[in-house]
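Working through the structure, step by step
Single-letter residue listing:
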Amino acid sequence: NNNNNNNTKAEESDNDSDILLASFNGSDGNELVLKRPHLQTSHNVFQPTQEDRRLFKESQRRVEEATSSQASTGKAHDGHGKAPSRVKWVVLGKYKVPVWHTSAYPKEYQQQDTIYVCQYCLQYFKKQKQLHRHLEQPLKLHAHHPPGDEIYRKNNLSLWEINGSSSKVYSQNLCLLSKLFLDTKTLWLDVGPFLFYVLTQWDEHGASIVGYFSKEKSSFLNYNLSCIMTLPQYQRKGYGQAMIELSYLLTRKEQKTGTPEKPLSDLGLLSYRSYWKRVILTHLQQNNTHKTFNIQSLSDTTGITSDDIVSTLQSLKMVKSWRGKYVIVPNDELLEKFNSKSSKQNTIAIDPSCLRWSPLVILKKADENS
């Protein structure tokens, strides 16, 4: 092409870390061309095959079925035993919340309509006066916040990291509580392989739970989140999006990219698509004067995998096939609607400078024969 040619072709990058290289095509700058070099990831790490994924999912399914069976036949059951659960309400702090699903609380708790739960340690009780006596204990015996490390705090919002191995009772109580609102939640006994991140809100009495997310300590498929839940009384206030942003903040701190465990529930997919859409469209708007756009760079900056970025663009109908290439077609109407809607949404700004955290280091056991 000569210098008078206004078309700018996508060029191959000399940097092996570029997965997707894109450039605007045309003098009006209304199209974005993507190309895929041969590498699959920015960090050139091992990628599991489809057979690896199938075997992993099959093993995971068997563990979940075995755990569910143990819960239904043991002292604690999940409502599938002989006596159906009668629990209709859970009292948590000043809120009395209707439950959505059954949970594996002990049998004697299943035969009453209300369970009383401490908003700090998540211990459960059959009567309200028992909970009141529990809360009246001295602070040195009963801390008014979750166990573990407080790794983030801004204003009255805190995030706590709880190790499932060292805080087993709290982690199990957290899973029992979440099963009341998550139909897909199955694991609650074997909490050792997980880290739990509990979002709390401070008041004059202590730090009460708002929601949580969890992830495996060592994920074979590089998942950065296994489960996420916002308690019903705090939903539609921006806490779910804040927890997703915090999960990606931890991923970026690890210098990785991550994705939530698949398959996502319908609500989970909506939440993540909303978050991915906000991040991608914000980036496009902030860089609308640039003629080139590197998706791998965006992936490294945000922690979102390139596959999730491309799938989000496809769901927004901004990706088209043109001459054997993927082309992004900016949608001005979509951007205008996004700006209008964003100004009305409840959003909680996450400040990376408020994070005090370093990744968990897992030491492998030495070979006994070495």
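In this report, the structure presented in the accompanying data block is examined.

With that settled, the discussion passes to the packing of aromatic side chains. The full count for this structure, using the stated rule, is 12 aromatic pairs. When the centroid spacing of 6.5 Å and the interplanar angle of 70 degrees are considered together, the rings of Tyr248 and Tyr272 count as edge-to-face. In this pair, Tyr248 is assigned in helix H5 (residues 239-253) and Tyr272 in helix H6 (residues 266-286), connecting sequence segments 24 residues apart. One exposure class covers both Tyr248 and Tyr272, and it is buried. An aromatic cluster of at least three residues, connected via ring pairs, comprises Tyr248, Tyr272, Tyr275 and Trp276. Between Lys96 and the ring centre of Trp89, over which it is positioned, the NZ or CZ distance is 5.2 Å.

What holds strands together in a sheet is hydrogen bonding between their backbones, with the strands either parallel or antiparallel. Pairing within the open sheet is mixed, and its 4 strands lie in the order S4-S3-S5-S6. Edge positions in the sheet fall to strand S4 (95-98) and strand S6 (124-125), since each has one partner strand and no second. Judged from the 4 bridges that link them, strand S3 (residues 89-92) and strand S5 (residues 114-117) form a sheet pairing that is parallel. The residue bridging Leu92 from the neighbouring strand is Val117, located in S5.

Take helix H9 (residues 332-342) next. When we look at burial in H9, the residues that qualify are Leu334, Leu335 and Phe338. Summarising the axial view, the buried residues of H9 lie within an arc of 100 degrees, below the 170-degree limit, and thus occupy one face. Residues of H9 that are exposed and point more than 90 degrees away from the buried face comprise Asp332, Glu333, Glu336 and Lys337. At its buried positions, H9 is contacted by H6.

What follows is about the pattern of salt bridges. Applying the stated rule across the entire model yields 5 salt bridges. Note that Glu254 and Lys215 form a salt bridge whose closest N and O atoms lie 3.5 Å from each other. A residue pair is termed long-range when its members are at least 10 positions apart, and Glu254 in the loop between H5 and strand S13 (259-260) and Lys215 in strand S10 (residues 207-216) qualify at 39 residues. For Glu254, a relative accessible area of 25% puts it in the partly exposed group.

The residue Leu199 is located in strand S9 (residues 194-202) in this model. Under the relative-accessibility criterion, Leu199 is labelled buried at 0%. With 53 residues separating them in the primary sequence, Leu199 and Pro146 have C-alpha atoms 9.5 Å apart. Those residues in contact with Leu199, other than ones at most four positions away along the chain, are Leu157, Ser158, Leu159, Ser208, Ile209, Val210, Gly211, Tyr212, Tyr239, Met243 and Leu246.

Parameters at a glance
- Per chain, residue numbering runs from 1 following the sequence as it is written.
- The predicted origin of the model limits local features to residues at a pLDDT of at least 70 and limits the giving and counting of side-chain atom pairs to 80 or more, whereas totals for whole chains, interfaces and linings rest on all residues.
- To obtain the side-chain values, all non-hydrogen atoms of the structure were used and water was disregarded.
- Note on aromatic pairs: the rings of Phe, Tyr and Trp (six-membered ring only in Trp) are paired at centre separations within 6.5 Å, and the planes decide the class, stacked below 30 degrees, edge-to-face beyond 60, tilted for the rest.
- Put simply, DSSP H or I for four residues or longer makes a helix, DSSP E for two residues or longer makes a strand, and each gets a number counted from the N terminus.
- When a residue's accessible area, from a 1.4 Å probe over protein chains only, is under 20% of the maximum for its type it is buried; when over 50% it is exposed; and in between it is partly exposed.
- Any Lys NZ or Arg CZ found within 6 Å of a ring centre and within 35 degrees of that ring's normal is scored as a charge over the ring.
- At least two DSSP bridges between two strands are needed for those strands to be called paired.
- Taken from the helix axis, the directions to the C-beta atoms give the arc we talk about.
- Contact criterion: two residues are considered in contact whenever any of their non-hydrogen atoms come within 4.5 Å of each other.
- Salt bridge, as applied in this entry: a Lys or Arg side-chain nitrogen positioned within 4 Å of an Asp or Glu carboxyl oxygen.

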